[in-house]
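Coordinates in review
Read off the chains here:
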Amino acid sequence: MVSIHRPHTLIELAMARSLLAAHDIPYFVHNGGYASLYPGMQIGLLNVPTIMVPPSAADFARELLRAYLIDVEDHLQPRAE
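Described below are features of the structure shown in this document. (Residues numbered from 1 in each chain as written. Predicted model: local features only at pLDDT ≥ 70, side-chain atom pairs only at ≥ 80, totals over all residues. Heavy atoms only, no water.)

1. With respect to the pairing of strand β3 (residues 50-53)
Where we set the bar: When a residue's accessible area, from a 1.4 Å probe over protein chains only, is under 20% of the maximum for its type it is buried; when over 50% it is exposed; and in between it is partly exposed. Only DSSP runs of H or I with at least four residues qualify as helices, and only runs of E with at least two residues qualify as strands; both kinds are numbered from the N terminus onward. In short, DSSP must find at least two bridges between two strands for them to pair.
Alternating residues of β3 divide into T50 and M52 and I51 and V53, and every residue in both groups is buried. Examined bridge by bridge, strand β1 (residues 2-5) and β3 share three bridges and lie antiparallel to one another. The partner of H5 across the bridge, within β3, is I51. Judged from the three bridges that link them, strand β2 (residues 28-30) and β3 form a sheet pairing that is antiparallel. Looking at β3, one finds that F28 is bridged to M52.

2. Let's talk about the environment of M15
Mapping M15 onto the fold places it in helix α1 (residues 10-22). Taking the C-alpha atoms as reference points, M15 and L65, 50 residues apart in sequence, are found 9.1 Å from one another.

3. A short note on the sheet that holds β1
Note the threshold: Interaxial angle, 0 to 180 degrees, is taken between N-to-C directions of lines fitted to C-alpha atoms, where a helix line uses only the stretch in contact. Contact between two residues is taken to exist if any of their heavy atoms lie within 4.5 Å; hydrogens are not considered.
Across the sheet, which stays open at both edges, the three strands sit in the order β1-β3-β2 with antiparallel pairing between neighbours. With partners counted over all chains shown, the strands left at the sheet margins are β1 and β2, one partner each. Neighbour-to-neighbour, the strand axes of the sheet open up by a mean angle of 45°, direction not taken into account. Relative to β3, α1 is tilted by about 15°, and along the sheet it contacts β1, β2 and β3. With respect to the sheet, helix α4 (residues 58-69) is in contact with β1 and β3, its orientation differing from that of β1 by roughly 15°.

4. Describing the side chain of N31
By the secondary structure assignment, N31 is in the loop between β2 and α2 (32-37). Owing to a relative accessible area of 12%, N31 belongs among the buried residues under this scheme.

5. Focus: α1
As a reminder, the rule being used: To estimate how far a helix should reach, multiply one less than its number of residues by 1.5 Å. The reported arc concerns the directions from the helix axis to the C-beta atoms and nothing else.
Between its first and last C-alpha, α1 extends 18 Å over 13 residues, near the 18 Å set by a 1.5 Å rise per residue. Among all positions of α1, only E12, L13, A16, L19 and L20 are buried. Seen along its axis, α1 keeps its buried residues to an arc of 130°; they face one direction. In α1, the exposed positions that point more than 90 degrees away from the buried face belong to I11 and A22. Just downstream of α1 lies D24, where phi reads positive at about 55°.

Quick look at the structure:
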């Protein structure tokens, strides 16, 4: 498995998961459960979700996520208000 994306929010994670599933790309979310269990400060391997795919699908998955998530990335970021 190869790491392809580290979403900043759980909404971005849900979008990435749905995109990969819609295109039949097998994936695994490392720390997927801990990210929602321990929200707040993001600490590397503790609570940062990482999307992983097989090496054969990595290029297509990166291209797919880049095409869809780059436009909405600013809208998904938390804002201090």
